[in-house]
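Structural features, examined
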Number of protein chains: 2
Amino acid sequence: MMNWPRLKGMSTAQSLSPSEAPEIPKRGRGRPRKAGDGASRQALIVAAAKHFRRKGFDATTTRDIAQATGMQSGSPFYHFKSKNALLVAIMEEGMRSAQRSQDAVLAALPGDITARDRLAALVLNHLYVLWLPGNDFVPVMHHEWRSVPPAQRKTIQVLKDAYEVPWRDALAQLEDQGLLGTNASLARSMLFGVLHGSMTWFKPKGALRLEQLARECLNALVSEQPRTPGPAGLPPAAFDPETVVREAWRRGGRRNTDTPSPATSPLVLSKQRAA
Amino acid sequence: MMNWPRLKGMSTAQSLSPSEAPEIPKRGRGRPRKAGDGASRQALIVAAAKHFRRKGFDATTTRDIAQATGMQSGSPFYHFKSKNALLVAIMEEGMRSAQRSQDAVLAALPGDITARDRLAALVLNHLYVLWLPGNDFVPVMHHEWRSVPPAQRKTIQVLKDAYEVPWRDALAQLEDQGLLGTNASLARSMLFGVLHGSMTWFKPKGALRLEQLARECLNALVSEQPRTPGPAGLPPAAFDPETVVREAWRRGGRRNTDTPSPATSPLVLSKQRAA
DNA sequence: CCTACCGATCGGTAGG
DNA sequence: CCTACCGATCGGTAGG
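Residues numbered from 1 in each chain as written. Chains lettered and ligands numbered in written order. Predicted model: local features only at pLDDT ≥ 70, side-chain atom pairs only at ≥ 80, totals over all residues. Heavy atoms only, no water.

Going by the annotation in an unreviewed UniProt entry, the name recorded for chain A is HTH tetR-type domain-containing protein, with Comamonas serinivorans given as the source organism.

Spelled out as structure tokens, the structure:
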């Protein structure tokens with residue numbers, strides 16, 4: 001899957017993941033249809049990822065996947081014991097592939113590079129992981145997380161944590177240099193939010209390419225000059241817009257259960273215009 | 001729905017949305033079970049939103065929703081002509097409610113407030129919209145967008161565009177003041193990415209409350225002092241980490257279709273350790 | 001808004 | 001990996 005190669009002859013079945021071992025296809029026997037090894041399994045993963053990304057996990061039928069792979073409706077269950085196992089396999093392979101490319105990029109970077117440039121490389125690589133054609137695995141992972149059985153979430157979470165280690169390092173350095181508007185941990189969560197959110201609104205056509213998007217994301221979250229440390233901390237005093245919002249909600253809202261609120265607040269009056 | 005009230009006696013059926021008008025419940029006749037008006041319809045919307053958020057649109061059955069509302073399995077279709085119509089109603093009402101609270105907040109703000117503080121109020125209000133209990137509508141809108149029939153997307157898009165107008169204004173001012181690391185349009189998309197992404201990772205327990213999250217988001221994306229306009233533009237020269245990443249992918253990747261790539265690149269060698 | 005129901009589909013399996 | 005199939009469920013409807 002993805003754009004990242006695996007070693008030749010390295011059957012996917014021998015990977016570290018105990019969660020989804022197929023029946024061991026007895027390679028080398030029978031008719032060597034495609035390649036004899038896990039090619040069909042791989043084709044199922046690729047087709048499933050494509051469908052899951054477009055229509056969602058629940059809306060995709062195992063028959064869709066089978067048909068896209070040229071199989072009969074029952075055949076996917078020869079390779080995967082359930083539809084959910086197929087989803088987990090997609091996520092695991094997506095993260096492994098992303099990790100491979102990220103490691104390769106980091107290894108190719110000069111040693112004396114700044115933390116900002118290192119983060120730039122991580123960001124661009126991540127955009128490639130998300131956006132390059134055929135790379136449906138990581139997007140599916142993020143969007144279909146709730147369809148993963150809780151028992152198997154931990155395995156994927158470990159892969160995600162490992163992937164984020166270099167991000168933590170780079171952002172911690174940037175925080176030390178005063179180049180962030182928040183702390184490293186929050187900046188990392190926000191940065192991934194920006195990057196994953198780009199899948200919703202970004203269209204890589206025209207002038208704005210992935211490379212430029214990467215630059216803009218970095219510029220948006222990482223300053224080039226240290227920020228003034230003056231009032232940068234948490235203002236202990238009342239934050240004006242904050243109290244305004246809080247008060248507005250206190251006036252205008254109930255906790256909301258079933259019935260619409262009685263509506264006697266002045267807020268509503270200020271809203272009558274649009275009705 | 002939400003925490004924002006509607007005018008008393010304003011049946012939801014008379015709203016601007018032509019997309020989902022129920023059968024006009026003949027209010028005032030029959031047994032006045034709850035309130036006589038669209039209370040059941042409203043209860044369906046609330047219950048559906050809760051389920052859609054937790055389990056997803058496809059995984060939620062209309063029977064789930066009926067049961068949560070104390071109805072029989074066929075009854076939701078008296079109020080909504082289809083499951084999809086229920087989803088659209090959730091999104092429309094979610095946006096209308098968000099717009100109401102946002103308008104109220106803006107109206108309550110002093111006129112001489114800075115663009116930064118105005119944006120702070122918008123951000124905090126938006127976090128309330130996303131996070132306060134019972135407010136499942138807008139999260140559902142973002143997560144289940146692809147389940148909306150294309151014909152009805154436009155209606156909701158209009159509401160979303162209106163909602164974003166004050167954001168555009170505030171961010172345009174901030175861009176003029178040199179407080180953004182990117183342009184106003186991209187900053188807006190990124191900011192919403194951060195805010196919506198918070199639904200994945202943020203837990204409003206402990207020290208980090210919504211108010212502080214709002215501050216941190218703002219600090220992360222909006223400087224307090226104008227940024228140095230020096231090398232802030234697009235560097236026309238080769239961007240080092242960028243070319244490294246691009247080269248790495250060129251070496252390591254094919255476009256990817258079905259079969260795993262042959263893998264003869266040096267990238268793979270540098271990755272053998274984890275196997 | 002309930003009763004009773006239908007047609008279609010879906011994940012999964014037995015047995016080869 | 002195919003054939004043939006099952007049990008369960010699901011969105012939706014007729015008729016009151």
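1. As for the protein's contact with DNA strand D
How we decide: When at least one non-hydrogen atom of a residue lies within 4 Å of a molecule or strand, that residue is treated as near it. Polar contacts here mean pairs of N or O atoms no more than 3.5 Å apart (in protein, one a potential hydrogen donor and the other a potential acceptor; neighbouring residues in sequence count only if both atoms are side-chain atoms). Secondary structure elements are defined from DSSP: runs of H or I of at least 4 residues count as helices, runs of E of at least 2 residues count as strands, and each element is numbered from the N terminus.
For DNA strand D, the set of nearby residues contains 16 residues, the closest of which are Ser-40, Ser-75, Tyr-78 and His-79 of chain A together with Lys-83 of chain B. Close to the protein, within 4 Å, the atoms of DNA strand D are drawn from sugar and phosphate at a rate of 56%. Gln-72 of chain A places a main-chain nitrogen or oxygen 3.0 Å from a phosphate oxygen of DNA strand D. At 2.7 Å from a phosphate oxygen of DNA strand D is found a main-chain nitrogen or oxygen belonging to Lys-83 of chain B. For the surface near DNA strand D, the secondary-structure elements that each account for two or more residues are helix H3 (76-79) of chain A together with helix H2 (62-68) of chain B.

2. A look at the nonpolar core
Stated formally: Definition used in this section: a nonpolar core is a set of buried Ala, Val, Leu, Ile, Met, Phe, Trp, Tyr and Cys residues joined via side-chain atoms within 4.5 Å. Residue exposure (1.4 Å probe, protein chains only): buried if accessible area is under 20% of the type maximum, exposed if over 50%, otherwise partly exposed. Two residues qualify as a contact provided that any one of their heavy atoms is within 4.5 Å of a heavy atom in the partner residue.
Of all hydrophobic cores here, the largest spans 142 residues; its most connected members are Leu-119 of chain A together with Leu-119 of chain B. If we skip the residues at most four places from it in the chain, Leu-119 of chain B touches Trp-167, Ala-170, Leu-171, Leu-174, Leu-191, Leu-218 and Val-222 of chain B.

3. What about the protein's contact with DNA strand C?
Taken together, 16 residues lie near DNA strand C, and Lys-83 of chain A together with Ser-40, Ser-75, Tyr-78 and His-79 of chain B sit nearest. A breakdown of the atoms of DNA strand C within 4 Å of the protein gives sugar and phosphate a share of 56%. Between DNA strand C and Thr-62 of chain A there is a distance of 2.9 Å, counted from a phosphate oxygen to a backbone nitrogen or oxygen. Side-chain polar atom of His-79 of chain B to a phosphate oxygen of DNA strand C: 2.7 Å apart, as the coordinates give it.

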